[in-house]
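# A closer look at the structure
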Amino acid sequence: MTAEQRRNLHAFGDYVRKTLDPTYILSYMTPWFRDDEVQHIQAEKNNKGPAEAASLFLQFLLELQEEGWFRGFLDALSQAGYSGLCEAIESWDFQKIEKLEEYRSLLRRLQPEFKTTINPKDILPEIAECLISQECEEILQICSSKGLMAGAEKMVECLLRSDKENWPKTLKLALEKEESKFSELWMVDKGAKDVKMKDLEDDEMNTCDIQIFYKEEPENQNLSQNSCSSAEAPHTYSPLKPRNYQLELALPAQKGKNTIICAPTGCGKTFVSLLICEHHLKKFPQGQKGKVVFFAIQLPVYEQQKSVFAKHFERLGYKVAGISGATSDTVCVEQIVENNDIIILTPQILVNCLADGTIPSLSVFTLMIFDECHNTSKQHPYNVIMFNYLDKKLGGSSDPLPQVIGLTASVGVGDAKNKAEATEHICKLCASLDASAIATVRDNLEELEEAVYKPQKFFRKVELRTADRFKCIMSQLMMETESLVKRVLEEPGNLFQIQNRNFGTQKYEQWIVQVQKECAVFQMPDKDKESRICKALFLYMSHLRIYNDALIINEHARMKDALDYLKDFFRNIRAAGFDEIEQDLTQRFEEKLQELESISTDPSNENPKLRDLCFILQEEYHLNPETRTILFVKTRALVDALKKWIEENPKLSFLKPSVLTGRGKTNQTIGMTLPAQKCVLDTFRSDKDNKILITTSVADEGIDIAQCNLVVLYEYVGNVIKMIQTRGRGRARGSKCFLLTANADLIDKEKMNMYKEEMMNAAILILQTWDEAVFKEKIHQIQIREKIIRANQEKPEPVLDKKTKKLLCKKCKAFACYTADIRMVEKCHFTVVGEAFRERFVSKLHPTPKSFGNIEKRAKIYCARPDCSHDWGILVKYKAFEMPFIKIGSFVVEDIATGVQTLRAQWKDFNFEKIPFDAAEMSHGAQDLGLQGPGNPE
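Analysis parameters
Residues numbered from 1 in each chain as written. Predicted model: local features only at pLDDT ≥ 70, side-chain atom pairs only at ≥ 80, totals over all residues. Heavy atoms only, no water. Helix = DSSP H or I, 4+ residues; strand = E, 2+ residues; numbered from the N terminus. Buried < 20%, exposed > 50% of the residue type's maximum accessible area, 1.4 Å probe, protein only. Contact = heavy atoms within 4.5 Å. Areas by Shrake-Rupley, 256 points an atom, 1.4 Å probe, with all protein chains shown as cover. Polar contact = N/O pair within 3.5 Å; in protein donor to acceptor, adjacent residues only side chain to side chain. UniProt positions renumbered as here; feature names shortened; annotations may be inferred. Pairing = 2+ DSSP bridges. Core = buried A, V, L, I, M, F, W, Y, C linked by side-chain atoms within 4.5 Å. Axes fitted to C-alpha atoms, helices over the stretch in contact; angles between N-to-C directions. Parallel < 35°, antiparallel > 145°, perpendicular 65-115°, else oblique. Nonpolar A, V, L, I, M, F, W, Y, C, P; charged D, E, K, R; others polar. Phe/Tyr/Trp six-rings, centres within 6.5 Å; stacked < 30°, edge-to-face > 60°. Lys NZ or Arg CZ within 6 Å of the ring centre and 35° of its normal. Lys, Arg positive; Asp, Glu negative; His and termini not counted. Salt bridge = Lys/Arg side-chain N within 4 Å of Asp/Glu carboxyl O.

The secondary structure content of the protein amounts to 36 helices and 28 strands. Within the protein, buried positions represent 53% of all 938 residues. Taking the contacts inside the protein whose residues are at least 6 apart along the sequence as the reference set, 72% of them involve residues at least 24 apart. Accessible area of the protein: about 43,600 Å², with a carbon and sulfur share of 49%.

Here you go:
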């Protein structure tokens, strides 16, 4: 082989990579390649695909020095069936192969339609001459083992690599012979470039423009990068060069304007905020300093942003600190704000500090940045902070006010039905944030689109079970329980009406909650009867809630998962008080248990929704084994159920699912702790075997999640903001977003969200054309109007109620304590003093004991009545004392004078005289007060 031939083969290597599957010619190349090289090429194809294998093949080929290998290569191509590629290399003329590129491009675009409409077995005999014989065998094998769609997918893959110049026309003839509708789309005579896509747009699986980030790294990694490995230079740090669209987004803020920055999820808004901060801090003359506060709503986002800001700014000599609800009890907020240049906060911290005077004024800051600023409405902490700001602005205060920046992927449109109403909604958000500019990418759209991918969105309407014996049995149990409720209600005179409601719905859950609230405060002259009725209703309603939950799980997951949920509940019931009512309800359930077990294991009762979900996941991982998925669901119970289903499904267990849920506690489950959330996210980022993350709405906003190319919304639809954010979780090229639902209304709602997004973008463009002075005046008028409305709605300061009240157990109405016995610990916890209270509760070791600040959580406390055992709170060690911390939501408050009973959801809603805990007082009289002091162990 001459040097020129070697150079030419290197130069035309891209054609070889696009066309050749080297594993088909390896058997003809054995005289030239070692066994280990053959195995390496084979492994490369298995792991990365034919293109990567062809690159490795070429590398080995061009390194050969033996005589005759070039001729041997051409002979191998010819014998394997690569006649077109062999001819092109012999003449060094690749025009025929080049002309096929437009048809390849068309076939890629039509691929989804091809695989859903073509039976590859029907057309394979007609197009076999355009493929390698081994490819034909593989297509047939895949059709048999994995199904026709997978076979069609393989056929497309082979055609895209075909070197036969006549394959487009041969395919056309084969399609016409089979009278395939796809033939109408495969218009080879006019040329691929003239093909219209309208037919696809009218297809059942509608597509739309959805912006999903694919190119950048996750944001916390995207903000900076090391110029060399950490091993070489552990202390070096090089900032990324901002893109032009990021500079465009930052520009209005850098000019000093209060700005809302609205840009797609994943395009680097956090990076833009770093640019703005750095510019802001550097503009102050010597002797003056700026002070920035960055707000993040969710704790995982707070932790993430604190890390990002510290990494970026500490190298520049600025001090960065953070305070959240989890740390505020152990730090001095005033000192942290005073001693640092940038403070990352959860917003409620600042709301509290402004209320109690710890931070006297917003004037201590020079710049405020609100992440996910679309939340600035109603009584959200963001809006409460801005009320303080706007009161000073409109009140003519001489104190300087900080610059305000808002970051969001979507400003939303509220309930707007047209562009005018959408414009008004956006103006109201601007007024709330005192923003005079909305920054979007307009001048650098092309560059933004290189970093933001627009994949297809699929709507998949699925069917429910045609017959559901599980639902019939559970409905029968619920009707029996409702009858028992009616019987109890006859004694006090039918206080509550049981109306016809559909079992297994959110509305039924809401009715249960309402009845529980009402029965907690109803009263009778006979207090023993009142206690008995209240407890009975509480128990019946708790069981109805669990049955309702199980029906919801059954509808969306397996019967087995719903039954496991029920069995766990009744197992816990047996381990607790287990009174007569619970024994009766448990017996009724256990009478049905054998039949429930039988139907839950019957394969004919498989959930059609899960079949469709399984099909989607199998297809996507077949197309791309490296797929990374986020699966959004509505409830934590469903998160757990789908995790078990995937793990126990042999077709899907390789996905190794992880779960992410919120931190709050629900009736049946305790939320994930912040460290647990961080651990899940870190594992999902780093562990490639962990291929799917199942999550609730906690992953909607802000949390930085590794690049994903598949988002599945499983019966999960919110408003337009939620749509844009969940969609934005998919951050890889080729991303897809599926909405899987049995409810046609959900599909209509999602389509409405898509329309509202278009309306939002149009409204923003309208506002950006307004004269700045006109826009500012519009904002000012809204602010004045809203201030008047706030003033009219302001409630007078509640009068402190110094009268002693009783606290009664919410479940059984047993007396617990008097308000005079309650002490406030560190402004947010409440204990009860007096030895008598200790006799009214029992304790059990806490399942998750832990310490926070001066508090060590040790045990759970429950109502001491054996037939009640209602959860009252926790037992803690605080400094040197062991004491109970009670939760007001577990009690009914009774006015001693009038006998009127009320409920309080939170301590802040209960305006009684709150006596602070006094350690000195307690030390002198720990025994009298019922607290275990240093010398008074239990």
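Position of K805 relative to the elements: it lies in strand 18 (residues 805-809). Among the polar contacts listed, one links the side chain of K805 to the side chain of D801, at a separation of 2.4 Å. Those residues within four positions of K805 in sequence are excluded, and the remaining contacts are C817, Y818, T819, V893, E894, D895 and I896.

Here we come to the UniProt feature "binding site: Zn(2+)" (unreviewed entry) in the protein. Here, the residues flagged by UniProt with the feature "binding site: Zn(2+)" (unreviewed entry) are C809, C812, C863 and C868. These annotated residues cover 60 residues of sequence, but their C-alpha atoms sit close together, with the largest distance between any two at 9.1 Å. By the element assignment, C809 lies in strand 18. Residues in contact with C809, not counting those within four places in the same chain, are A814, C863, C868, H870, W872, S890 and F891. Mapped onto the secondary structure, C868 falls in the loop between strand 23 (855-863) and strand 24 (871-878). Looking at C868, the relative accessible area reads 4%, which means it is buried. Non-local contacts of C868, meaning those with residues more than four positions away in its chain, are made with K535, C809, K811, C812 and C863.

Every second residue of strand 21 (residues 829-832) is oriented toward a common face, with H829 and T831 on one face and F830 and V832 on the other, all of them buried. Sheet topology note: the strand 20 (residues 822-825)/strand 21 ladder contains four bridges and is antiparallel. Bridged to R823 within strand 21 is T831. Linking two consecutive strands that pair antiparallel, namely strand 20 and strand 21, is a turn of three residues; a positive phi of about 50° is found at E826 within it.

This part takes up the nonpolar core. In terms of nonpolar packing, the biggest core is built from 71 residues, with F470, L544, L631, L642 and Y714 touching the most fellow members. Here this core gets 13 residues from one element, more than from any other, and that element is helix 25 (residues 527-556). Ignoring sequence-local partners within four residues, the contact set of F470 consists of A550, N554, M559, A562, L563, L566, L596 and I599. Counting residues in each nonpolar core, the second largest holds 48 residues, with V351, F365, M368 and I438 among its members.

With that settled, the discussion passes to the sheet that holds strand 20. Working definition: the strands of a sheet are paired by backbone hydrogen bonds and lie parallel or antiparallel to each other. Pairing is mixed across the open sheet formed by three strands, whose spatial order is 21-20-28. Two strands bound the open sheet, and with one partner strand each, they are strand 21 and strand 28 (915-916). As paired strands, strand 20 and strand 28 are joined by two bridges and run parallel to one another. Directly across from M824, in strand 28, lies its bridge partner P916.

With that settled, the discussion passes to helix 6 (residues 83-91). Every buried residue of helix 6 is accounted for by G84, L85, C86, A88 and I89. Among the structural elements, helix 1 (3-11), helix 2 (13-19), helix 5 (69-80) and helix 7 (95-99) are those in contact with the buried residues of helix 6. Two residues or fewer after helix 6 comes W92, characterised by a positive phi angle close to 50°.

The sheet built from four strands is open, its strands ordered 19-18-26-27 with antiparallel pairing. The outermost strands of the open sheet, each flanked by one partner alone, are strand 19 (815-818) and strand 27 (901-903). Geometrically, the sheet is characterised by an average inter-axis angle of 30° between neighbouring strands, direction not taken into account. Bridging between strand 26 (residues 891-895) and strand 27 involves three bridges; their strand directions are antiparallel. Bridge pairing in strand 27 links V892 to L903.

Between helix 9 (residues 120-127) and helix 10 (residues 133-146), whose axes approach to 11 Å, the crossing angle comes to 170°. Judged by the angle between their axes, helix 9 and helix 10 are roughly antiparallel. Counting all contacts with helix 9, which are made through P120, K121 and L124, the residues of helix 10 involved are C136, I139, L140 and C143. Residue composition of the contact of helix 9 with helix 10, by class: six nonpolar, no polar and one charged.

Here the structure, examined in full by the defined rule, presents 37 aromatic pairs. Ring centres of W69 and F70 lie 6.1 Å apart, and the angle between their planes is 90°; this geometry places the pair in the edge-to-face category. When the centroid spacing of 6.0 Å and the interplanar angle of 50° are considered together, the rings of W907 and F912 count as tilted. For the pair W907 and F912, a shared accessibility class is recorded, and that class is buried. Through a chain of ring-to-ring contacts, three or more aromatic side chains come together here, namely F12, Y15, W69, F70, W92 and F94. Sitting over the face of the ring of F284, K283 holds its NZ or CZ atom 5.8 Å from the ring centroid. The ring centre of F684 lies 4.3 Å from the NZ or CZ of R628, which sits over that ring.

The next subject is unusual backbone geometry. The backbone of W92 shows a phi angle near 50°, a positive value even though the residue is not glycine. Tracing the backbone through its elements, the reader meets W92 in the loop between helix 6 and helix 7. At E826, a residue that is not glycine, the phi angle is positive and equals roughly 50°.

Once that is clear, we can look at the side chain of K291. Structurally, the position occupied by K291 is in the loop between helix 16 (269-282) and strand 5 (292-295). An unpaired buried charge is present at K291: no salt bridge exists, and D341, the closest side chain of opposite charge, is 5.5 Å distant. Separated by 2.7 Å, the side chain of K291 and the backbone oxygen of V337 make a polar contact. At a separation of 2.6 Å, a polar atom in the side chain of K291 contacts the main-chain carbonyl oxygen of N340. Excluding anything up to four places from it in sequence, K291 contacts L281, V337, E338, N340, D341, I343, V364, F365, T366 and L367.

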